[in-house]
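Examining the three-dimensional arrangement
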Amino acid sequence: MKVLVINCGSSSIKYELYEAETGQALAKGIVGCIGEKNSFIRQDTRGREIRRQVSVSNHGESFELIFENLTNRQNGVLRDISEISAVGHRAVHGADTFIESTLINEDVIRKLEECILLAPLHNPPNLLGIQESRKILPSIPHVAVFDTAFHQTMPPKTYLYPLPGEYYQSFKVRRYGFHGTSCRYVSQKAASALGKPLEELRMIICHLGNGVTVTAVDGGKSLDTSMGLTPLEGPMMGTRSGDIDAGVIFFLHRQVGLSVDHIDNILNRESGLLAVSTVSNNMEEITEEAKKGNEHCQLAMEMFVYRVKKYIGAYAAALEGLESLVFTAGIGENSPIIRAMICEGLEFLGLKLDKAINKDTLGVERIISSSDSRVSIVVVPTNEELMIFYDTLKVAGLNP
Ligand code: ADP
């Protein structure tokens with residue numbers, strides 16, 4: 001029995017095929033630059049990687065290519081696509097309509113279409129992925145797993161903006177949060193690494209990738225999270241500004257004469273690490289340049305760390321205590337220097353890093369706090385696809 005996990009964006013489709021009985025990933029791939037001159041497919045099948053230029057003008061053609069590759073005689077892992085028993089789809093924005101992973105039917109598709117207003121960039125490609133793959137595999141269960149669902153436990157005091165009520169009531173303007181699938185996976189893994197029940201832990205999860213989310217998890221439930229109506233709120237990110245005074249937007253519009261679309265582009269694509277470092281949005285490159293003495297890169301690292309630290313302080317207060325701080329995603333898993341900078345000076349919160357263990361921890365699950373640290377510090381590699389796979393098995397009622 002096999003389960004396919006799909007993450008469909010506007011110009012790329014990522015996919016991963018799992019063996020249901022063992023939870024083993026059999027193949028993982030991406031079709032990129034869809035509709036462009038340089039479209040490609042890359043597939044890793046048990047360590048064997050193929051990459052080739054292809055010509056795909058839309059998502060439908062890309063799905064045909066994916067299924068061709070999965071069933072290819074030489075590099076494939078399936079004899080026939082009928083071996084696939086269910087498909088799990090990453091869905092970005094489920095608004096407050098979807099509080100958990102859901103079996104897809106016509107009614108769900110209609111409700112997903114209603115959510116487009118809130119995520120105009122992400123939800124249309126997600127929907128396209130669902131529709132195109134259902135055309136090819138119409139008679140098996142398809143499951144939607146939402147980035148926003150985990151944060152639906154937030155109480156009104158954390159999810160409401162202090163705005164006139166009509167904007168929430170009529171337009172659903174509120175905080176939703178993202179990276180929920182990652183947070184759910186990482187919180188469970190961290191609790192089992194610590195050998196403690198999740199229900200007894202107050203945890204702060206720092207998902208530090210290109211996008212950055214800090215989340216306060218109380219007994220396994222999201223109490224507060226740094227992203228809001230859109231993924232722009234929160235600490236500083238790769239190309240997103242994160243928190244700024246909303247007045248900056250009016251200033252850029254009225255005094256500088258920039259259009260709303262231009263400001264949107266600046267805040268989402270031209271800010272954050274990229275803007276401050278003036279070099280890159282990639283923390284690895286920034287760290288290398290900072291070591292060589294580049295002052296812009298040093299400042300970018302300091303600002304990135306400072307803004308994450310402020311959230312840790314805020315969420316320790318919101319949780320009224322803390323048992324565990326967790327690092328995950330590209331930077332959280334792979335950058336000992338950023339982790340050390342974040343933890344420095346937080347001994348007053350009970351956080352004491354083991355510097356040697358931290359330095360040696362790259363991309364693996366490990367407790368990196370010292371044995372006398374009151375609060376445990378843990379690195380957990382995230383795996384959103386695996387969580388989508390587990391949810392798909394459960395929601396589709398498959399019993400391998
Ligand atoms: P995304 O949000 O796109 O999924 P990732 O979780 O893959 O992003 O994280 C990407 C970030 O992780 C980039 O800034 C990258 O530079 C950073 N990163 C990856 N490896 C390292 C490393 N060894 N040191 C510092 N940063 C790293």
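Shown above is the structure to which this text applies.
Criteria and thresholds
Residues numbered from 1 in each chain as written. Predicted model: local features only at pLDDT ≥ 70, side-chain atom pairs only at ≥ 80, totals over all residues. Heavy atoms only, no water. Helix = DSSP H or I, 4+ residues; strand = E, 2+ residues; numbered from the N terminus. Buried < 20%, exposed > 50% of the residue type's maximum accessible area, 1.4 Å probe, protein only. Contact = heavy atoms within 4.5 Å. Areas by Shrake-Rupley, 256 points an atom, 1.4 Å probe, with all protein chains shown as cover. Lys, Arg positive; Asp, Glu negative; His and termini not counted. Charge placed at Lys NZ, Arg CZ, Asp CG, Glu CD. Axes fitted to C-alpha atoms, helices over the stretch in contact; angles between N-to-C directions. Parallel < 35°, antiparallel > 145°, perpendicular 65-115°, else oblique. Left-handed = near helix turned anticlockwise from the far one by under 90°. Nonpolar A, V, L, I, M, F, W, Y, C, P; charged D, E, K, R; others polar. Salt bridge = Lys/Arg side-chain N within 4 Å of Asp/Glu carboxyl O.

Glancing now at the overall build of the chain. Of regular secondary structure, the chain possesses 15 helices and 14 strands. Along the three orthogonal principal directions, the C-alpha set of the chain runs to about 60 × 55 × 45 Å. Expressed as a percentage of its 400 residues, the buried residues of the chain come to 52%. Once local pairs closer than 6 in sequence are excluded, the contacts in the chain between residues at least 24 apart make up 61%. Accessible area for the chain stands at about 18600 Å²; split by element, carbon and sulfur atoms hold 51% of it. One way to put it: in the chain the 40 positive side-chain charges average out to a point 2 Å from where the 48 negative ones average out.

Glancing now at the packing of helix α11 (residues 295-319) against helix α13 (residues 336-343). The interhelical angle for the contact between α11 and α13, taken along N-to-C directions, is 50°, at an axis separation of 9 Å. If you check the angle between α11 and α13, you find them oblique. For the pair α11 and α13, the sense of crossing is right-handed. Listed contacts from α13 to M301, E302, F304, V305, V308, K309 and I312 of α11 are I337, I338, M341 and I342. Partitioned by chemical class, the residues of the contact of α11 with α13 number nine nonpolar, no polar and two charged.

Here the focus is the pattern of salt bridges. Tallied over the full model, the rule gives 18 salt bridges. Of the charged contacts in the structure, one is a salt bridge between R134 and E106, with a shortest N-O distance of 3.2 Å. Of this pair, R134 sits in helix α3 (residues 123-136) while E106 sits in helix α2 (residues 106-114), and the two are 28 residues apart along the sequence. Here R202 and E323 are joined by a salt bridge, their closest N and O atoms 2.7 Å apart. One end of the pair, R202, is in strand β9 (residues 202-208); the other, E323, is in the loop between α11 and β12 (324-328), and 121 residues separate them in sequence.

Our next topic: the packing of helix α1 (residues 59-71) against α3. Closest axis-to-axis distance for the α1/α3 pair is 9 Å, and the angle between their directions is 50°. As the angle between them shows, α1 and α3 are arranged oblique. When the axes of α1 and α3 are compared, the crossing they make is right-handed. Counted together, H59, G60, F63, E64 and F67 of α1 and L128, G129, E132, S133 and I136 of α3 form the full contact between these two elements. Among the residues forming the contact of α1 with α3, the class breakdown is four nonpolar, four polar and two charged.

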